[in-house]
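Structure at a glance
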Amino acid sequence: MQRLLIVDDDEEIRSLLQRFFHRNGFETDMAASGKEMDARLAKASYDLVLLDVMLPDEDGFSLCKRIRAAGRMAIIMVTGVVEATDRIVGLELGADDYVTKPFDARELLARVRAVLRRSDGSPVQPALVSHSPKLCFSGWRLDIVRRELRSSDFTLTPLSGGEFELLVAFAQHPQRVLTREQLIDMSRGPAHEAFDRSIDVQVSRLRRKIEEDPSDPEIIRTVRNVGYLFASAVERQ
């Protein structure tokens, strides 16, 4: 049974979500503040954290940054703020998805399941992955089965679930210009609602991790007014 940690200072929302996710096969714990979240994380491990942005002692953005720095746990941020800027900040800090209140519980369940599928090793294109579990480019080795990215000296480079799926989409379609809409479909599924800027944020994060000079990228190139091009040759192993 997969485990969720619900971090929200609204007791009614916490209780409703706990009952809803329990009915749908999840084990859940709750926290009303950053301090309580830290205490929960110190005692148990979780597959995903539902993290409210507005908390009494510490905002969700700083908590997201701290969670991401500590490991690969999936994060969905939840907030009543609908400004795109806040969603971009959340994605920049490592969140895998972003949901605004009020939300439909069934949609939230679908997003949780989608993020967990991306985090547990489920491939984007099963037929291709079964024959090519490793994609090598520009000194990097992307292991799709183990969900790992390693440099030429075998150093592990941590990726969030969203970063990993986007890099897989790029590496499976080298030397091809891809629009932002295509990248959203390939990395998150056609049913996923996202905004173009979220892909730009993910690309920026990937560049900081795989490019020698992120300000002058050679691997993921911008194609003005169209999208992006994965310029490296890819060897499938």
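The structure we're discussing is the one just above.
So, here's what we can say about the structure. From a predicted model like this one, the values you see are computed outputs, not experimental measurements.

1. Observations concerning unusual backbone geometry
A cis amide bond, omega -5°, links Lys101 with the succeeding residue Pro102. In this model, Gln175 sits at a positive phi of 60°, which is unusual for a non-glycine residue. You can see Gln175 is positioned in the loop between helix H7 (161-171) and strand E9 (177-179). On the basis of relative accessible area, Gln175 is assigned to the exposed category, the value being 51%.

2. What to know about the environment of Ala74
Mapped onto the elements of the fold, Ala74 is located in strand E4 (residues 74-79). The buried category is assigned to Ala74, whose relative accessible area is 1%. For the pair Ala74 and Gly161, spaced 87 residues apart in sequence, the C-alpha separation works out to 6.9 Å.

3. Some words on the nonpolar core
If you look at soluble globular proteins, the nonpolar side chains tend to sit buried side by side. Formed by 26 residues in total, the largest nonpolar core has its most connected members in Phe137, Leu142, Leu167, Phe170 and Ile220. If you list the elements that add at least two residues to this core, you get strand E6 (134-137), strand E7 (140-143), H7, helix H8 (180-188), helix H9 (196-210) and strand E11 (227-230). The greatest single-element share of this core, amounting to seven residues, is contributed by H7. The contact partners of Leu142, leaving out residues within four places of it in the chain, are Pro133, Lys134, Leu135, Phe137, Glu148, Leu149, Phe164, Leu167, Val168 and Ala171.

The rules behind the values
Residues numbered from 1 in each chain as written. Predicted model: local features only at pLDDT ≥ 70, side-chain atom pairs only at ≥ 80, totals over all residues. Heavy atoms only, no water. Helix = DSSP H or I, 4+ residues; strand = E, 2+ residues; numbered from the N terminus. Buried < 20%, exposed > 50% of the residue type's maximum accessible area, 1.4 Å probe, protein only. Core = buried A, V, L, I, M, F, W, Y, C linked by side-chain atoms within 4.5 Å. Contact = heavy atoms within 4.5 Å.

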